[in-house]
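Listed below are the residues making up each chain.
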Amino acid sequence: MRVFDFTHALLRTPGWSVVNGLRDDASQTPRYEVVLAQHAAYADALRTIGIAVDVLPPLEDFPDSMFVEDPALTFPNGAILLRPGAPSRLHEREEMRGALEKHFTKILAIEGEDEFVDGGDILVTPKTVFIGLSKRTNRKGADALARKLAELGYTARIAQTPAGILHFKTASSLMAEDTILATKPLAESGVFAGFDVIVTPPGEEAAANALRMNDTIFVGAHYPRTIDLLRSKGLNVRPLTVSEVAKLDAGLSCMSLRW
Ligand code: CIR
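Read on for an overview of the structure. The model shown is predicted, which means the values in this text are computed figures rather than measured ones.

Conventions we followed
Residues numbered from 1 in each chain as written. Predicted model: local features only at pLDDT ≥ 70, side-chain atom pairs only at ≥ 80, totals over all residues. Heavy atoms only, no water. Near = heavy atom within 4 Å. Polar contact = N/O pair within 3.5 Å; in protein donor to acceptor, adjacent residues only side chain to side chain. Areas by Shrake-Rupley, 256 points an atom, 1.4 Å probe, with all protein chains shown as cover. Nonpolar A, V, L, I, M, F, W, Y, C, P; charged D, E, K, R; others polar. Buried < 20%, exposed > 50% of the residue type's maximum accessible area, 1.4 Å probe, protein only. Helix = DSSP H or I, 4+ residues; strand = E, 2+ residues; numbered from the N terminus. Arc of directions from axis to C-beta. Contact = heavy atoms within 4.5 Å. Core = buried A, V, L, I, M, F, W, Y, C linked by side-chain atoms within 4.5 Å. Expected span 1.5 Å × (residues − 1). Salt bridge = Lys/Arg side-chain N within 4 Å of Asp/Glu carboxyl O.

The environment of the ligand is made up of 14 residues, and the closest members are Leu-22, Asp-64, Glu-69, Asp-70 and Arg-89. Here an oxygen atom of the ligand and a side-chain polar atom of Arg-89 are 2.8 Å apart. Within the backbone of Leu-248, one N or O atom sits 2.8 Å away from a nitrogen atom of the ligand. For the ligand, whose free accessible area comes to 340 Å², the fraction covered by protein is 99%. Residues belonging to the shell around the ligand are distributed by class as follows: six nonpolar, two polar and six charged.

Dropping the structure here:
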C-alpha cells in the first residue's frame, strides 16, 4: 500500500463562525455560504474517488475547526492527537478524540504543555515523515511527535518551514512516491534531496498545497499553470475550487484527515 492510498476521510462541516477564522490578511473575510459550498464539493469529490467520508458537525466555538488536519494525524495503524499552536485552536483536539475512537483502537497523544504541533506541518512520504518547524510547531512539539511516530513505526525528520508561510505543507505536497510539489524557496532549501521536486510556477505558490489521494491529485482550480505542469508529467489532476477557503490561509490537505 502506498502512503497516499486511502479508504477513509474525516471532515468537519464549517460553522457560521468560520468567518472569524484565523487569517494573515484580515481584509479578506470569507463568506460562510461559499465556504460551505466549497467544503461540500470537496467532500463529494472525495466520495467520487471511492473514499468513505465521515463528516462531523460544526463547532461554532472553534472558527477554524473545519481544518481537521491540524489537531490530529492518522495512519492505517493508529492516530495521534496533536497540540495545535494557535491558542484558539488548541482544544479542537478534544473534539476529535470521539470521532477517531470510532475508527482507531490505537490513539496516541502529544501531552506536554509546552509542546505544540499542527498537522499542517506534517508531510508523510514513503520513508520519512517530515515535521516542519513553524509559528505553530515548536521544537519540543516536533521532538515529542517524532517519538510518537516511532511508536507507530515511522521515521521523522525535522525540517524548517520557510518564513512567511503558515505550514510546511502550505509549501509542499507529495505527488508520487518519489515526487514532491514545492515552492521555490522550500525546493531550494535542499530538504527534499533524493526526491524529484516539481517547483510551483511563479505566482502560483499557493498551489503547492495539493492533495494526492489514490490515483487522483486534487489541485486548486485557480492555478492553471501548475495543473498543466503536473499533467505534462502524466499525473492525473482534478482541479477543485477552494478560493474562499484560501482566504483562511488553507488549501486542499487542511480539510480532511485521511487513512
Ligand atoms: C489557521 O490559521 O489555523 C486556519 N485559518 C487555516 C489552517 C490551514 N490548515 C492547514 O494548512 N493544515
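The next point concerns helix H2 (residues 92-101). Listed in full, the buried residues belonging to H2 are Glu-92, Arg-93, Met-96, Ala-99 and Leu-100. Mapping the buried residues of H2 onto a view down its axis gives an arc of 110°, with all of them on the same face. Looking at the buried positions of H2, the neighbouring elements they touch are strand S1 (8-12), strand S2 (52-56), strand S3 (72-75), strand S4 (78-81), strand S5 (107-109) and strand S15 (257-258).

It is worth spelling out the nonpolar core at this point. Nonpolar side chains tend toward joint burial in soluble globular proteins. Tyr-42, Leu-46, Phe-67, Phe-168, Phe-192, Phe-218 and Val-245 are the most contacted members of the largest nonpolar core, which totals 38 residues. Of all the secondary structure elements, the ones that give two or more residues to this core are S1, helix H1 (32-48), strand S10 (179-182), helix H4 (184-188) and strand S12 (211-213).

Time to look at helix H3 (residues 139-151). Taking 1.5 Å as the rise per residue, H3 with 13 residues should run 18 Å; its terminal C-alpha atoms sit 19 Å apart, in good agreement. Among the residues of H3, Gly-141, Ala-142, Ala-144, Leu-145 and Leu-149 are the ones counted as buried. End-on view of H3: buried residues confined to an arc of 165°, all on one side of the axis. When the buried face of H3 is taken as reference, the exposed residues oriented beyond 90 degrees from it are Arg-147 and Ala-150. Against S3, S4, strand S6 (122-124), strand S7 (129-133) and strand S8 (156-160) lie the buried residues of H3. The positive-phi residue at the C-terminal boundary of H3 is Gly-153, with phi of around 95°.

Now for the pattern of salt bridges. The full count for this structure, using the stated rule, is 16 salt bridges. Two residues, Arg-2 and Asp-215, come together in a salt bridge whose shortest N-O distance is 2.9 Å. Taken together, the residues Arg-2 in the segment before S1 and Asp-215 in the loop between S12 and strand S13 (216-220) connect sequence positions 213 residues apart. In this structure Asp-215 comes out as partly exposed when scored by relative accessible area, which is 48%.

Attention now moves to the environment of Phe-195. Residue placement: Phe-195 occurs in the loop between H4 and strand S11 (196-199). Sequence separation of Phe-195 and Ala-176 is 19 residues, and the distance between their C-alpha atoms is 9.6 Å. Ignoring any residue separated from it by four or fewer positions in sequence, one finds Phe-195 in contact with Thr-125, Phe-130, Leu-174, Glu-177, Asp-178, Thr-179 and Ile-180.

The next thing to look at is the side chain of Lys-247. Mapped onto the fold, Lys-247 is located in the loop between helix H6 (243-246) and S15. Separated by 3.0 Å, the side chains of Lys-247 and Glu-244 make a polar contact. Ignoring anything within four residues of it in the chain, the contact list for Lys-247 reads Arg-23, Gln-28, Thr-29, Pro-30 and Arg-31.

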